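Spelled out, the chains give:
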Amino acid sequence: MTGPVVIVGAGGHARVVADALMCQGVEVRGFVDPDVSLHGSPVYGRPVLGGDAVLDEPDLLDCDLVNGLGGVGLEGGPPLRRRVQERLQARGRRFVGVRHPTAHVSPRADLAADVQVLAGAVIQPGARIGAGSVINTRAVIEHDCRLGGFVHCAPGSVVCGDVDLGDDVHVGAGSVIRQGLILGRGVVVAAGAAVVADQNLAAVLMGVPAKVRG
Ligand SMILES: CC(C)(COP(=O)(O)OP(=O)(O)OC[C@H]1O[C@@H](n2cnc3c(N)ncnc32)[C@H](O)[C@@H]1OP(=O)(O)O)[C@@H](O)C(=O)NCCC(=O)NCCS
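Just so we're clear, the structure is a prediction, and the values are computed from it rather than from any experiment. (Residues numbered from 1 in each chain as written. Predicted model: local features only at pLDDT ≥ 70, side-chain atom pairs only at ≥ 80, totals over all residues.)

## Things to note about the overall build of the chain
When you go through the chain residue by residue, the secondary structure sums to 2 helices and 24 strands. Radius of gyration (C-alpha) of the chain: 17 Å, near the 17 Å computed for a compact globule of 214 residues. Seen along its three principal axes, the alpha-carbon backbone of the chain occupies a region of about 50 × 40 × 30 Å. When contacts within the chain are restricted to residue pairs at least 6 apart in sequence, long-range pairs at least 24 apart make up 25% of them. (Helix = DSSP H or I, 4+ residues; strand = E, 2+ residues; numbered from the N terminus. Rg over C-alpha atoms; globule rule 2.2 N^0.38 Å. Contact = placed C-beta atoms within 7 Å.)

## Considerations on the sheet that holds strand β5 (residues 64-67)
Ordered by their spatial adjacency, 5 strands build an open sheet running β3-β4-β2-β1-β5, and the pairing between neighbours is mixed. Each having just a single partner strand, β3 (42-43) and β5 make up the two edges of the open sheet. (Pairing = 2+ DSSP bridges.)

## Considerations on the environment of G166
Here G166 is to be found in the loop between β17 (164-165) and β18 (170-171). Here G166 falls in the buried class, since 20 other C-beta atoms lie within 10 Å of it. The spacing of G166 and N200 is 34 residues in sequence and 9.0 Å in space, taken between C-alpha atoms. Beyond its immediate chain neighbours, meaning those up to four positions away, G166 contacts G148, L183, G184 and R185. (Buried ≥ 20, exposed ≤ 12 C-beta atoms within 10 Å, placed from the backbone.)

## Focus on the domain arrangement of the chain
Structurally, the chain comprises domain 1 (5-90) and domain 2 (97-207). For domain 1 versus domain 2, the distance between C-alpha centres works out to 23 Å. Listed as interface residues are 16 residues of domain 1 and, on the opposing side, 14 residues of domain 2. Elements supplying a minimum of two residues to the side of domain 1 that touches domain 2: α1 (12-24), β5 and α2 (80-90). At 6 residues, the largest contribution of residues to the side of domain 1 that touches domain 2 is made by α1. A breakdown of the residues in the side of domain 1 that touches domain 2 according to their chemical character gives 10 nonpolar, 4 polar and 2 charged. (Domains from an automatic or database assignment. Nonpolar A, V, L, I, M, F, W, Y, C, P; charged D, E, K, R; others polar.)

## Quick notes on the environment of Q124
Summarising the element assignment, Q124 is placed in the loop between β10 (122-123) and β11 (128-129). Considering only alpha carbons, one finds Q124 and C145, 21 residues apart in sequence, at a separation of 8.6 Å. In this view, Q124 contacts S106, A109, I141, E142 and H143; residues no more than four positions away in its chain are not counted.

## Quick look at the site of the ligand
In the vicinity of the ligand, 15 residues are found, and the nearest of them are A154, G172, A173, A190 and A191. Along the lines of polarity and charge, the residues of the shell around the ligand split into 10 nonpolar, 5 polar and no charged. Counting the residues that make up the shell around the ligand, at least three belong to each of domain 1 (5-90) and domain 2 (97-207). (Near = placed C-beta within 6 Å.)

## As for α1
With 13 residues, α1 extends 19 Å from end C-alpha to end C-alpha; this agrees with the ideal 18 Å at 1.5 Å per step. Burial in α1 covers these residues: H13, A14, V16, V17, A18, A20 and L21. Directly beyond the C-terminal end of α1, a positive phi value near 85 degrees is found at G25. (Expected span 1.5 Å × (residues − 1).)

## Examining the nonpolar core
Within the largest apolar cluster, 59 residues are counted, with the highest numbers of intra-cluster contacts made by I7, V17, F31, V66, I135, C153 and V189. Lining this core are residues from two domains, each supplying at least three of them: domain 1 (5-90) and domain 2 (97-207). The residues contacting V17, other than those within four sequence positions of it, are I7, V66, G68, V98 and Q116. (Core = buried A, V, L, I, M, F, W, Y, C linked by C-beta atoms within 7 Å.)

## Some details on the sheet that holds β11
With parallel pairing, the 5 strands of this open sheet are ordered in space as β8-β11-β14-β17-β20. The open sheet is flanked by β8 (110-111) and β20 (182-183), the only strands paired with a single partner.

What follows is the structure, given as structure tokens:
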């Protein structure tokens with residue numbers, strides 16, 4: 001069982017993650033967020049403790065961290081979620097994963113320790129999922145898929161069998177990736193898209209069938 005944790009971020013994704021952890025019976029000590037207007041105000045009865053600096057206080061030094069930052073990967077460079085986690089890991093902090101009790105993760109899938117699997121998500125055998133990735137509400141990762149680091153499969157997305165997703169790929173809500181395809185680092189799939197061809201270079205794919213946004 002995961003010990004007490006602090007969630008990094010206090011926005012929408014952080015609250016979903018907090019709820020999942022509470023359903024798992026994990027003690028959430030609180031949240032850290034740079035937005036001073038949130039400091040001191042409770043989220044589901046747990047305080048927003050302050051900015052990152054409070055993580056060095058003695059009573060929080062032993063807490064593991066959970067990444068509460070979402071985002072769609074459109075901002076320049078690696079997504080904020082990756083940048084913040086890597087900065088805190090460089091300070092020696094450990095990030096742990098989330099498994100909502102209603103998620104199904106095949107015992108024959110291989111997930112990095114900090115992967116987040118949220119309510120109703122399904123991960124089938126042979127899937128391999130890299131560090132920092134989020135398999136969000138009711139997303140499906142079919143057999144033998146390979147996901148890099150900090151991939152976000154948004155709610156209701158379906159990644160068919162044997163798909164290869166590079167680092168920092170965002171698979172939009174309700175989208176479908178046809179079996180056997182390869183999407184390169186940083187590709188963003190729009191909500192509701194149906195991807196039917198490989199895409200090596202970072203781009204936004206939109207529509208049915210999906211095309212690169214001009
Ligand atoms: C694709 C996406 C990243 C584009 O974001 P954006 O650059 O801010 O785009 P905008 O909202 O400014 O829209 C730009 C144009 O694309 C269209 N568009 C936006 N999203 C679209 C989508 N999913 N499918 C089809 N067209 C879309 C808009 O209608 C607009 O068209 P117009 O220029 O003819 O008016 C975003 O719309 C999206 O789908 N994100 C994924 C959301 C998601 O997965 N959320 C879950 C979080 S947990």
